[in-house]
Amino acid sequence: MNEAKVEIFTYIFFNEPIKLPKFKKIIPVFDVNNEFGDMYGTKIVSGSMKNKLTKALFIIGKDGAIYHIDIPENLETPLDMERVRVELNKVYQSYTGVGCHG
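This write-up is about the structure you can find in this document. Everything numeric in this text was worked out from a predicted model, so none of it was measured.

Notes on the overall build of the protein chain
- For the protein chain, the count of helices and strands is two helices and four strands.
- Listing each helix as α and each strand as β along the protein chain from the N terminus yields β-β-α-β-β-α.
- Considering only contacts in the protein chain between residues 6 or more positions apart, those separated by 24 or more positions represent 27%.
- Surface summary for the protein chain: the accessible area is close to 8000 Å², and the carbon and sulfur share equals 54%.

See the structure below:
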């Protein structure tokens, strides 16, 4: 991500306010009204973690279009960062005219 040619805003969502260290490039957001979890389907609906947010990664363009979603079924499964790089490249190309709009 450090090689990105455009500015990438990175948000990390929590279902309730918690004390966090200062981040340089990550903006914490607290979903205290359950809007994000309900709207994007990231709220766990049963089990010991009911009503918590699951691990998920979204790539959303500056126009609000969702380009990629990664929601592992198992919370221990790592996010696919190589796929994220590919998807970020597609988004970048669509905004520079190099991709399908060029």
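Resuming the write-up.
A few points about the environment of glycine 41
- Here glycine 41 is to be found in the loop between helix H1 (35-40) and strand S3 (57-60).
- Owing to a relative accessible area of 51%, glycine 41 belongs among the exposed residues under this scheme.
- Separated by 13 residues in the primary sequence, glycine 41 and threonine 54 place their C-alpha atoms 9.0 Å from one another.
- Those residues in contact with glycine 41 that sit more than four places away from it in its chain are Phe36 and Ile71.

Focus: unusual backbone geometry
- With a phi angle near 60°, asparagine 34 is a residue other than glycine that sits in the positive phi range.
- Turning to its location among the elements, asparagine 34 is positioned in the loop between strand S2 (26-30) and H1.
- Even without being a glycine, asparagine 51 presents a positive backbone phi close to 70°.
- Inspection of the secondary structure assignment puts asparagine 51 in the loop between H1 and S3.

Considering the pattern of salt bridges
- Applying the stated rule across the entire model yields four salt bridges.
- Between lysine 52 and glutamate 16 there is a salt bridge, with the nearest N and O atoms lying 3.8 Å from each other. Of this pair, lysine 52 sits in the loop between H1 and S3 while glutamate 16 sits in the loop between strand S1 (10-14) and S2; the two residues are 36 residues apart in sequence, bridging distant segments of the chain.
- With relative accessibility at 31%, the residue lysine 52 sits in the partly exposed group.
- Between glutamate 87 and lysine 90 there is a salt bridge, and its shortest N-O distance comes to 3.4 Å. Taken together, the residues span about one helical turn, with glutamate 87 and lysine 90 both in helix H2 (residues 81-96) at a distance of three residues.
- Judged by its relative accessible area of 46%, lysine 90 falls in the partly exposed class.
- Each of the salt bridges in this network shares a partner with another, and the network as a whole consists of Arg83, Glu87 and Lys90.

So, how was this worked out
- Residues numbered from 1 in each chain as written.
- Predicted model: local features only at pLDDT ≥ 70, side-chain atom pairs only at ≥ 80, totals over all residues.
- Heavy atoms only, no water.
- Helix = DSSP H or I, 4+ residues; strand = E, 2+ residues; numbered from the N terminus.
- Contact = heavy atoms within 4.5 Å.
- Areas by Shrake-Rupley, 256 points an atom, 1.4 Å probe, with all protein chains shown as cover.
- Buried < 20%, exposed > 50% of the residue type's maximum accessible area, 1.4 Å probe, protein only.
- Salt bridge = Lys/Arg side-chain N within 4 Å of Asp/Glu carboxyl O.

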